[in-house]
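Residue-level listing of the chains:
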Amino acid sequence: MRSSWVICGAAVAAVLVGIVLTVNVPVQDATYLLLDAVVGLTYPLVGAFIVARRPGNPIGWLFCLGGTGMALQALAGGYSVYGQAHGWPGVEFSSWVVNWVFFTGFGPLFLLPAFLPDGRLPSRRWRPVVGALVAALAVLQVVLMFRDNVWVWGTESPSPVGFVPTEIIAACFGLVVSAAAVVGATALAVRVRRAEDRRQLMPLLPAVVAIAVAAVVDATHSGGEWALGVWLLALTLPALPLATAVSIFRFRLFDIEVLIRRTVVYVVVAAVLLGAYLATVTALNALFRQHGGVLESLLATGVVAVAFAPAREAVQRAVGRLLFGNRGEPAAALSHLGQRLEATAAPTELLDGAAETVARTLRLPSVAVVTPAGVPVSVFGGIPEGGVRIVLLSGGRAEGELRAAPRSPGEPLSKADLAVLDDLAPHLAVALAAVRLATEVRDSRERLVKAREEERRRLRRDLHDGLGADLTAIGLRLYVIEATAPAELRAQVSCVRELTQSIVGDVRKIVHNLRPPALDELGLSGALEDLALDVNQGPNIAVTIAEPLPELPAAVEVAAYRITQEALSNALRHSEAANVEITARAVTERLVLRIRDDGRGLPDPLREGVGSGSMRERAAEVGGELRRSSEPGRGTLVEAVLPL
């Protein structure tokens, strides 16, 4: 593990020294120095992190190797051009090293994707192909040492030990590198297709494909003034460690989040200040029209020193917001939660997105709000098994718990995180209390409605079978009495008989208004069919009951009947439908009722009328829900789901 950090530090130092030496002397083409810098800085850093957490995984060492070779070229190239201008010893040796040392890291980079993420190939069938490419890379490495010309930042000179023509090497170089890049991308694609959790590898695949495309372009368009292939490689090669970082941060590919978070700020600050240094030196060189002076370097160093503190503060704040959310700004976190609560219309849905808001505010993998009984009310990313548990108190009563998981295993939440959670807890407790009260009111309402309908069914049965039958019997007896009574009593008996008949009619009206008679006489299935038969003119109405319905609560029967009645009425009056289909079936203690027509559909914009509101109200009264949907040319669907 220490060796990996030593390699990383050495690679970064080599790149920085090479850049400083190169920018202080005139060179013809420093494009390859850009490629050395981006690879030499990014790859060893990610590799060191992987080695630190997964010492047995060779991927980390391959990252370190890939960056080190490019960093050594930057150092050798800088030493060569600066040493030649100032008469330093060993310039010829460093110039020779420039032409082959880069390939020790550059070549394996393209085969690296074939070994992601565990350092093994996708299967044994890949061994011959990869083995042949490794052998080709090794041969090419040796051949580069004996190139006939030495190239350093755009300047060529004869090699003291070279004899292999540059044209042959260039052709072989493009062929081998392109083949390695294509094989690496294909192997990773195969692994992604077979992986159980593809999310971990998906960020890597686009980066690898882009690198393969850049390698092919570099092999086929290596000439030209703009060196298109080199620029593409400089843009795409850093994408691999960046994609690896995304996989680490978001999908825990190597589980090294803690180590990376602790150094992201300093890496970004170093990159920003390095860019400021190079820009300042270049601008001053152009301003004073001289090269190799000490004044420019001193002024640039001063600019970097002055800018270090504000740059570090700004970057740390930005990275902290990216990695840890708004834990340093509790007011922003409270504002986000308040906006989410205000945007919720239904009281029972107040906490639907609260857990997500807390998780995204603090960049936590999972957050849950649960009741005292452990029933989840709002969940994001699953219910945390460990982590922090904060009791939510409102009015001295424990309304539940706020559970928050750490950002990664082994990294407990900081005091700043806990402070923000403590600030959010009272608001969540009030919302949880509101949800509890709204739920209790809803449940109480459902019980009242069900009790009311059961009582109405009992009253209807008693009035119809008891009082109604008795009054009818009294009326029949009065007929007999009227026929046999003396003439002077017949008028009075007739008045009593007519009064009895009037009372019987009133009782029948009361019985009818208490509950649709068809429900007790025919059941819900027969009552729905009776509704269809009552339509003399209009669309064809089909009633489908998948199987015999179980015994239904009185409230559910009435709600289903009235919803169907209103939906059928809307279809007859407004939809201009030719066919209406009514279906009802019982599914896992629920009654699913659908009324579909083939009319013109719902108007746009949709305005809910009295009838539509009554349907929704009847469904809500029994604890169910109602949905209406419409598609142009396919009519309207009314679906009610009522609990049994």
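Coordinates for the structure precede this section.
Quick notes on the rules
- Residues numbered from 1 in each chain as written.
- Predicted model: local features only at pLDDT ≥ 70, side-chain atom pairs only at ≥ 80, totals over all residues.
- Heavy atoms only, no water.
- Phe/Tyr/Trp six-rings, centres within 6.5 Å; stacked < 30°, edge-to-face > 60°.
- Buried < 20%, exposed > 50% of the residue type's maximum accessible area, 1.4 Å probe, protein only.
- Helix = DSSP H or I, 4+ residues; strand = E, 2+ residues; numbered from the N terminus.
- 1 Å grid on protein atoms, 1.4 Å probe; cavity = no way out; pocket = protein on both sides within 12 Å on 5 of 7 lines; lining within 4 Å.
- Points joined across faces, edges and corners; volume = space filled by probe spheres on them.
- Nonpolar A, V, L, I, M, F, W, Y, C, P; charged D, E, K, R; others polar.
- Pairing = 2+ DSSP bridges.
- Axes fitted to C-alpha atoms, helices over the stretch in contact; angles between N-to-C directions.
- Contact = heavy atoms within 4.5 Å.

Focus: the packing of aromatic side chains
For the structure on display, the rule yields 14 aromatic pairs. Measuring from ring centre to ring centre gives 6.1 Å for Phe102 and Phe103, while their planes differ by 75°; the resulting arrangement is edge-to-face. Overall, the relative accessible area of 2% leaves Phe103 in the buried class. Here Phe103 and Phe173 contribute two aromatic rings whose centre-to-centre distance is 5.5 Å and whose plane-to-plane angle is 55°, an arrangement assigned as tilted. Taken as a pair, Phe103 in helix H5 (residues 103–111) and Phe173 in helix H7 (residues 166–194) lie far apart in primary sequence, 70 residues in all. The exposure class assigned to Phe173 is buried, which follows from its relative accessible area of 17%. Grouping aromatic residues by their ring pairs yields a cluster made of Phe102, Phe103, Phe106, Phe110 and Phe173.

Describing the environment of Leu519
Note that Leu519 resides in helix H17 (residues 517–533). Here the alpha-carbon distance between Leu519 and Arg457, two residues 62 residues apart in the chain, equals 9.7 Å.

Points about empty space enclosed by the protein
Going through the model one piece at a time under the given rule, you end up with one cavity of 30 Å³ or more. Approximately 40 Å³ is the volume attributed to the largest cavity. Contributing to the lining of the largest cavity are Val449, Arg452, Glu453, Ala555, Val558, Ala559, Arg618, Glu621 and Val622. Elements represented by at least two residues in the lining of the largest cavity include exactly helix H15 (415–484), helix H18 (554–575) and helix H19 (610–621). Among the residues forming the lining of the largest cavity, the class breakdown is five nonpolar, no polar and four charged.

Here we look at unusual backbone geometry
Of all residues except glycine, most have a negative phi; of all peptide bonds, most are trans. If you check the backbone angles, Trp153 has positive phi at about 50° while not being a glycine. Along the chain, the position of Trp153 falls in the loop between strand E1 (149–152) and strand E2 (155–158). A positive phi angle, near 40°, is found at Thr588, a position not held by glycine. Mapped onto the elements of the fold, Thr588 is located in the loop between strand E8 (579–586) and strand E9 (590–597).

Quick notes on the sheet that holds strand E4 (residues 376–380)
Read across the sheet, four strands follow the order E4-E3-E6-E5 without closing on themselves; strand pairing throughout is antiparallel. Sheet topology places E4 and strand E5 (388–394) at the edges, where each strand pairs with a single neighbour. Averaged over all pairs of adjacent strands, the angle between their axes in this sheet comes to 15°, without regard to strand direction. Note: strand E3 (residues 367–370) against strand E6 (residues 397–404), four bridges, orientation antiparallel. Considered in E6, the bridge of Val369 is made with Leu402. Each of E3 and E4 touches helix H14 (residues 354–362); the most contacted strand, E4, lies at about 35° to it.

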